[in-house]
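Summary of structural features
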Amino acid sequence: MSGGHLATDVLGPHKGRLAVSYTLFSLEMFGSLLRPYFLGEAVNDLQEGSFKGLIILLSVHAALMIVGTVLQMFDTRTYTTIYKDIILRFMRTHGGSKDVSVLSARSTLAREFTEFLEFDIVYIVEAGYNILGSLFMLYFYEPSVLTICAAVLIPVLFLSRRYGRSMGHVTR
């Protein structure tokens, strides 16, 4: 991995697979955010004696289960391939090394990088979807609640930034 950039050298050939993976994840998150709407429509239709909303809710739920299953299978193959490529690239460049601890450390580092791509980035994007989705739902439920949440959010952001800086000084 020396002499190149990890992102372009290793992730470059997998850009398409990563894009598909993150797109499927976004579709799953968007569907999860719409689920309360479809649930409300199902309840409304049931109160009127119609099963149309319930059928739509079940169809959306089934589609989300299919997307989630496909995403899980696709992710497993994608991130395993990325991990394998990182290890193979390292073995080609440093394969003659007899130092087992270096090989072990590089292998662990490759696993950590792959897990970062697979879990941490998804966690950050999921948090963004949840925050924006919650704000969007609050706006349609009661716009004044959104205003109150935004008013509370400003001091929270300020205090968390200040707290983060103070913790940065403590951990140095």
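Because the structure is predicted, anything quoted here is derived from the model rather than measured.

Focus: the packing of helix H2 (residues 15-47) against helix H4 (residues 100-141)
Running from N to C, H2 and H4 cross one another at 30°; their axes reach a closest spacing of 10 Å. By the angle between their axes, H2 is roughly parallel relative to H4. With respect to the hand of their crossing, H2 and H4 are arranged in right-handed fashion. For the pair H2 and H4, contact is made by Tyr22, Phe25, Ser26, Met29, Leu33 and Pro36 and by Leu117, Ile121, Val122, Val125, Glu126, Tyr129, Asn130, Gly133 and Met137, respectively. Split by residue class, the contact of H2 with H4 holds eleven nonpolar, three polar and one charged.

Structural notes on the packing of H4 against helix H5 (residues 143-171)
Across the interface, H4 lies against H5 with an axial gap of 5 Å and an inter-helix angle of 140°. Relative to H5, the element H4 lies oblique. Across the interface between the two elements, Leu135, Leu138, Tyr139 and Tyr141 from H4 touch Pro143, Val145, Leu146 and Cys149 from H5. The residue makeup of the contact of H4 with H5, split by class, is eight nonpolar, no polar and no charged.

So, the nonpolar core
For soluble globular proteins, nonpolar side chains are generally found buried alongside one another. Val10, Leu11, Leu18, Tyr79, Ile82, Tyr83, Ile86, Ala110 and Leu117 together form the largest nonpolar core, which totals nine residues. When residues of this core are traced back to their parent elements, those giving at least two are helix H3 (52-94) and H4. Here the element with the most residues in this core is H3; it accounts for four residues. Ignoring anything within four residues of it in the chain, the contact list for tyrosine 83 reads Ser107, Ala110, Arg111 and Thr114. Membership of the second largest hydrophobic core comes to six residues, among which are Leu24, Val67, Leu71 and Val122.

Rules used in this analysis
- One numbering rule holds for all chains: residues counted from 1, following each sequence as written.
- Residues qualify for local features only when their pLDDT is at least 70, as the model is predicted, and side-chain atom pairs are given and counted only at 80 or more; totals for whole chains, interfaces and linings, by contrast, use all residues.
- Only hydrogens and water are set aside when side-chain values are computed; all heavy atoms of the structure are taken into account.
- Geometry is summarised by axes, namely lines fitted to C-alpha atoms with helices restricted to the contacting stretch, and by angles between N-to-C directions that run from 0 to 180 degrees.
- Segments assigned H or I by DSSP are reported as helices when at least four residues long, segments assigned E as strands when at least two residues long, and all are numbered from the N terminus.
- Oblique is the label for any angle not covered by the other classes, which are roughly parallel (under 35 degrees), roughly antiparallel (over 145) and roughly perpendicular (65 to 115).
- Note on convention: near helix rotated counterclockwise from far helix by under a right angle means a left-handed crossing. Clockwise means right-handed.
- Note on contacts: a residue pair qualifies if any of its non-hydrogen atoms lie within 4.5 Å across the two residues.
- We call Asp, Glu, Lys and Arg charged. Ala, Val, Leu, Ile, Met, Phe, Trp, Tyr, Cys and Pro are nonpolar, and the rest, Gly among them, are polar.
- In plain words, nonpolar cores are sets of buried Ala, Val, Leu, Ile, Met, Phe, Trp, Tyr and Cys residues tied together by side-chain atoms within 4.5 Å.
- Think of it in three bands: residues with accessible area under 20% of the maximum for their type are buried, residues over 50% are exposed, and the middle band is partly exposed, with areas taken using a 1.4 Å probe on protein chains only.

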